[in-house]
Amino acid sequence: PKAIASLDSFMATLKSRNIHDSILYFKFMKVLSHRDSTMNDAALAYTDSLLRLFNPMHVRRENPIDYSKALLLKGDDLLKQKEYYQAYRNYYKGKSFLTSLGEICECARYSSRIANISYKEENYYQAIDYWKQELKELAQCKEPENFQLEFIEKQGSMRNIGVAYLHLNEPEKALDY
């Protein structure tokens, strides 16, 4: 809490703060407060503050990846609160925004989140379809240095597909993943 107060104070007194400083600040504070279960309300407030930065359309157009990540964070907040319908809508909005820009690689994160909602609601075939979509989107990523996207996300999707097939009592298909 003392470090947070210091950072808050620093940002408040920063004379030449720009939109990028604010985006980084709110993303950092969101992640930091999200890790402490006693700061859930603060985490939600930081996400909402981050999203408000993108209210002018030109800010969204100038910072599309940051905007999409803010939508992802909001969806994650809603998912954590078990607001599945609202989380789904938020993820869908983010995925549609990225698709309109031709940014397929980042869409994979949204497909994965939507699959997770479907899985939690026991819509296993729909979850499988979204995880397969994620794999297709990840295949278009050309970031060999991004271990998270190039390996961990792919392995996670394949594992999740296998588990979903097990829930559907289709072990032969699960073995394919």
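In this report, the structure presented in the accompanying data block is examined.

Moving on, we come to the overall build of the protein chain. Assigned secondary structure in the protein chain consists of 10 helices and zero strands. Its helices and strands in sequence order give the protein chain the pattern α-α-α-α-α-α-α-α-α-α, from N to C terminus. Dimensions of the protein chain, computed from the C-alpha atoms along their principal axes, are close to 60 × 35 × 30 Å. For the protein chain, with 177 residues in total, the buried portion stands at 40%. Taking as baseline every contact in the protein chain between residues at least 6 positions apart, the subset at least 24 positions apart corresponds to 47%. Surface exposure of the protein chain reaches about 10,300 Å², of which carbon and sulfur atoms provide 54%.

What follows concerns the nonpolar core. Judged by nonpolar contacts, the single largest core of 38 residues is most densely connected at Leu50, Phe54 and Tyr91. Of all the elements in the fold, those that place two or more residues in this core are helix 1 (2-13), helix 2 (19-34), helix 3 (40-52), helix 5 (64-80), helix 6 (84-100), helix 7 (104-120), helix 8 (124-139) and helix 9 (147-167). Broken down by element, this core gets its largest block of residues, seven residues, from helix 5. When residues no more than four places from it in sequence are discounted, the contact partners of Tyr91 are Leu72, Gly75, Asp76, Leu79, Tyr110, Arg113, Ile114 and Ile117. Core analysis: the second largest hydrophobic core is formed by five residues, Ala108, Leu138, Cys141 and Leu149 among them.

A separate point is the environment of Arg17. Turning to its location among the elements, Arg17 is positioned in the loop between helix 1 and helix 2. By relative accessible area, which is 43% here, Arg17 ends up partly exposed. Aside from chain neighbours lying at most four places away, what touches Arg17 is Met11, Ala12 and Ser22. Looking at Arg17, its side chain comes within polar contact range of the main-chain oxygen of Met11, at 3.1 Å. Reaching out from Arg17, the side chain makes a polar contact with the side chain of Ser22 at a distance of 3.5 Å.

Before going further, it helps to examine the packing of aromatic side chains. On inspection of all chains with the given rule, the structure shows 11 aromatic pairs. Measuring from ring centre to ring centre gives 6.3 Å for Tyr91 and Tyr110, while their planes differ by 70°; the resulting arrangement is edge-to-face. Of this pair, Tyr91 sits in helix 6 while Tyr110 sits in helix 7, and the two are 19 residues apart along the sequence. Taking 5.9 Å as the distance between ring centres and 55° as the angle between the ring planes, the aromatic pair formed by Tyr119 and Trp131 counts as tilted. Residue Tyr119 is found in helix 7, and its partner Trp131 is found in helix 8; the two are separated by 12 residues along the sequence.

Interaxial distance between helix 5 and helix 6 falls to 8 Å at its minimum, and their mutual angle equals 165°. Taken together, the axis directions place helix 5 and helix 6 in an arrangement best described as roughly antiparallel. When you trace helix 5 past helix 6, the crossing you get is left-handed. Contact residues: helix 5 offers Pro64, Ile65, Tyr67, Ser68, Leu71, Leu72, Lys74, Gly75, Asp76, Leu78 and Leu79, while helix 6 offers Tyr84, Gln86, Ala87, Asn90, Tyr91, Lys93, Gly94, Phe97 and Leu98.

On to the state of the cysteines, then. By definition, a disulfide links the sulfur atoms of two cysteines through a covalent bond. Within this structure, the stated rule accounts for one disulfide. Two residues, Cys105 and Cys141, share a disulfide whose sulfurs are 1.9 Å apart. Between Cys105 and Cys141, the S-S torsion sits near 110°, and that sign places the bridge as right-handed. Separated by 36 residues along the polypeptide, Cys105 in helix 7 and Cys141 in the loop between helix 8 and helix 9 bring together distant segments of the chain. Accessibility classification places Cys105 together with Cys141 in one group, the buried group. Just so you know, Cys107 is unpaired, no disulfide at all, and the nearest cysteine sulfur is the one on Cys105, 9.0 Å from it.

Rules behind the numbers
- Per-chain numbering applies: the sequence of each chain, read as written, is numbered from 1 onward.
- Since the coordinates come from a predicted model, pLDDT governs what is reported: local features require at least 70, and pairs of side-chain atoms require 80 or more to be given and counted, while whole-chain, interface and lining totals use all residues.
- To obtain the side-chain values, all non-hydrogen atoms of the structure were used and water was disregarded.
- A run of H or I in DSSP becomes a helix once it reaches four residues, and a run of E becomes a strand once it reaches two; helices and strands are each numbered from the N terminus.
- Residue burial is assigned from relative accessible area. The probe radius is 1.4 Å, only protein chains are included, and a residue is buried under 20% of its type maximum, exposed over 50%, and partly exposed in between.
- Residue contacts are defined here by distance: any two heavy atoms, one from each residue, within 4.5 Å place the two residues in contact.
- For the area figures, the Shrake-Rupley method with a 1.4 Å probe applies, and any residue is considered shielded solely by the protein chains shown.
- Joining through side-chain atoms within 4.5 Å is the link that ties buried Ala, Val, Leu, Ile, Met, Phe, Trp, Tyr and Cys residues into a set, and such a set is a nonpolar core.
- Polar contact criterion, stated in full: a pair of N or O atoms within 3.5 Å, where within protein one must be able to donate a hydrogen and the other to accept it, and residues adjacent in sequence count only if both atoms are side-chain atoms.
- Paired rings are identified among Phe, Tyr and Trp, the last through its six-membered ring, by centres lying within 6.5 Å, and are further divided according to the angle between planes into stacked (under 30 degrees), edge-to-face (over 60) and tilted (the rest).
- As a rule, the C-alpha atoms of each element are fitted with a line to give its axis, helices using only the stretch in contact, and angles between N-to-C directions run from 0 to 180 degrees.
- The cut-offs work like this: below 35 degrees is roughly parallel, past 145 is roughly antiparallel, 65 to 115 is roughly perpendicular, and the gaps in between are oblique.
- The hand of a helix crossing depends on one turn: near helix anticlockwise from the far one by less than a right angle means left-handed, and clockwise means right-handed.
- Note on terminology: disulfide denotes any pair of cysteine sulfur atoms within 2.5 Å.

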